[in-house]
Amino acid sequence: MIFPVLLCGGSGTRLWPLSRKSYPKQFTDVIGDDSLFQASAKRFCGEGFAAPLVITGDPFRFIVTEQLDEIGVTPAGILIEPEGRNTAPAACAAALFAIAQDPEATILLVPSDHAIPQPELFRETVMMGNAAASRGQIVTFGIAPSRAETGYGWLETGDCDDGIYRLERFIEKPDQARAEELFADGRYLWNAGVFLTKARVLLEAFKTHAPDMLDQVHKAMEAAKGDLSFTRIDPPLWAGVEDESIDFAVMEKAGNLSAVRYDGHWTDLGGWESVWLESEKDGNGNAITGAATALDCHDSLLRAEAPDQELVGIGLKNIVAVAMRDAVMVADMSSSQNVKQAVKVLKGREAKQALEFPVDRRPWGWYETLALSDRFQVKRIHVNPGAALSLQSHHHRSEHWIVVQGTAKVTVDEEVKLITENQSVYIPLGAVHRMENPGKLPMVLIEVQTGSYLGEDDIVRYEDIYART
């Protein structure tokens, strides 16, 4: 049985504005109906695979549980990293978690933001490497290259025995001339960053090549604490772990490495050009999403994300245009990788769009701000069936709630009552209050806040079913 480990703590910016620190690309439906994370979880369901272990950050823990619940996947565990420390500490923590469940556990380390449209073929390829992993090898999976790619690392393979290649070395992202040479030589594959190995074998590799990291991660895991369905790694001990990729920390030094070639389609969706390549296109090569219209456009990507928004392109060629309610990005296709620089500029200007998504996800549902001024804010709040906000109060604001869909169970100090569609309730400054959805359908309300300070940190929590502090 293979134990999948889904790594989803990243906060990539190369698909901004769709992907942001508060809601990164693995949780978005970049391509298809499922998010990349959901597609990754589905990919390793079925015969030969155990329930997945998920490693993520604290801001994403409830997004993970909600998205897994939507596809009917129950995880073996969810590890919460106090802060991202790159892939090596996460892999080490996963191996320690797995070996505690089964001393002979075989783990499959996989990023959760890759697009693999042939999941059956990929599973078959993984199973090809299982025998080598059982013999004590660390198996990685190289992608048969389709072009001279400079955005990926590469693998050099050696002799092959029954589909298992000897892995000679890892190659960093090459320049264009070197990429052309690698592409022309059949020994070289793209590095997908996917590893299959016995947990004990990986820990032995850490003991040999990164003993200090193993020691620190082991201490942090021993001090981990349960929190609802999550396991929280100890923050002070985790802060002392070196920030390092698994390639640099272990793989480039280990001698028991093998590779399996994957001949199906694969992409890490590392930029908007990759998204365009993977998308369905019209007769002129345009990829259109949402309420977007292309007039005399060619080989362009037009993506309108807001439901009440119209995006129109006229006479465009090789252009990426992504429009969201709070941000618009337009770039030449060949320059779309530079979107990270745009995010850096926005961060320097302290623009909230650099990091924050317009929809704020919470364990009970989500909200978005419809209007914001010095002394008032208007929100649309969506509460999932059976969910409840915390019992709370505010020092600086009062609130008006108007239910526009469903039924709300409202607590205001000692009074508890049901509020249905077109009814409203007033929450005075300082009142202890809570909102719940007792129904089986989503409940939506409009909240009008008034006061001298409207920040989200003006919340005093008394009770919370999600154990937030």
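Since the model is a prediction, treat every value here as computed from it, not as a measurement.

1. Topic: the overall build of the chain
Reasoning step 1: Scanning the chain from N- to C-terminus turns up twelve helices and 28 strands.
Reasoning step 2: Here the C-alpha atoms of the chain give a radius of gyration of 24 Å, agreeing with the 23 Å that 2.2 N^0.38 yields for 469 residues.
Reasoning step 3: In terms of overall dimensions, the chain has C-alpha extents of about 75 × 60 × 40 Å along its principal axes.
Reasoning step 4: Here the chain holds 469 residues, and the buried ones make up 51% of them.
Reasoning step 5: Summed over all atoms, the accessible surface of the chain reaches about 21300 Å², with 49% contributed by carbon and sulfur.

2. Notes on the sheet that holds strand β16 (residues 319-323)
Whenever strands of a sheet pair, they do so through backbone hydrogen bonds, lying parallel or antiparallel.
Reasoning step 1: Taken in spatial order, the four strands of this open sheet run β12-β14-β16-β17, and their pairing is mixed. Each of the sheet's edge strands pairs with one partner strand only, and the pair in question is β12 (287-289) and β17 (328-332). Taken pair by pair, the neighbouring strands of this sheet meet at an average axis angle of 5 degrees, ignoring direction.
Reasoning step 2: Strand direction decides the pairing type here: β16 and β17, joined by five bridges, are antiparallel. What sits directly across from A321, in β17, is V330.

3. Some words on unusual backbone geometry
Reasoning step 1: In this chain, W16 is followed by P17 through a cis amide linkage whose omega measures 10 degrees.
Reasoning step 2: Residue position: P17 is located in the loop between β1 (2-7) and α1 (36-43).
Reasoning step 3: Despite not being glycine, N422 has its phi angle at roughly 75 degrees, a positive value.
Reasoning step 4: Positionally, N422 belongs in the loop between β24 (415-419) and β25 (424-427).

4. Focus: the pattern of salt bridges
Reasoning step 1: Applying the stated criterion across every chain yields a total of 29 salt bridges.
Reasoning step 2: Here D113 and K25 are joined by a salt bridge, their closest N and O atoms 3.7 Å apart. Of this pair, D113 sits in the loop between β4 (106-111) and α4 (119-128) while K25 is found in the loop between β1 and α1, placing the two residues 88 residues apart along the sequence.
Reasoning step 3: Look at D113 and you get partly exposed, because its relative accessible area is 21%.
Reasoning step 4: Taking the relative accessible area as the measure of exposure, K25 reaches 8% and is therefore buried.

5. Considerations on the pairing of strand β20 (residues 376-383)
Reasoning step 1: Of all the eight residues making up β20, six are buried; the element is thus mostly covered by neighbouring parts of the structure.
Reasoning step 2: Between the end of strand β19 (residues 365-372) and the start of β20, which pair antiparallel, lie three residues.
Reasoning step 3: Across eight bridges, the pairing between β20 and strand β27 (residues 443-451) is antiparallel. Among the inter-strand pairings, Q377 is bridged to a residue of β27, identified as Q449.

6. As for the UniProt feature "domain: Mannose-6-phosphate isomerase type II C-terminal" (unreviewed entry) in the chain
Reasoning step 1: Under the UniProt annotation, the feature "domain: Mannose-6-phosphate isomerase type II C-terminal" (unreviewed entry) is placed at residues 362-464.
Reasoning step 2: Secondary structure over residues 362-464 splits into 0% helix and 58% strand, and the C-alpha atoms at its two ends are 12 Å apart.

7. Some points on the nonpolar core
Reasoning step 1: Core analysis: the biggest nonpolar cluster contains 88 residues, and L108, V126 and W272 have the highest contact counts within it.
Reasoning step 2: The biggest single contributor to this core is strand β8 (residues 188-198), with five residues.
Reasoning step 3: Aside from chain neighbours lying at most four places away, what touches L108 is I2, F3, P4, V5, F44, F49, V126, F141, V194, F195 and L196.
Reasoning step 4: Of all hydrophobic cores here, the second largest spans 46 residues; its members include L79, I107, M221 and V250.

What counts and how
- Residues numbered from 1 in each chain as written.
- Predicted model: local features only at pLDDT ≥ 70, side-chain atom pairs only at ≥ 80, totals over all residues.
- Heavy atoms only, no water.
- Helix = DSSP H or I, 4+ residues; strand = E, 2+ residues; numbered from the N terminus.
- Rg over C-alpha atoms; globule rule 2.2 N^0.38 Å.
- Buried < 20%, exposed > 50% of the residue type's maximum accessible area, 1.4 Å probe, protein only.
- Areas by Shrake-Rupley, 256 points an atom, 1.4 Å probe, with all protein chains shown as cover.
- Pairing = 2+ DSSP bridges.
- Axes fitted to C-alpha atoms, helices over the stretch in contact; angles between N-to-C directions.
- Salt bridge = Lys/Arg side-chain N within 4 Å of Asp/Glu carboxyl O.
- UniProt positions renumbered as here; feature names shortened; annotations may be inferred.
- Core = buried A, V, L, I, M, F, W, Y, C linked by side-chain atoms within 4.5 Å.
- Contact = heavy atoms within 4.5 Å.

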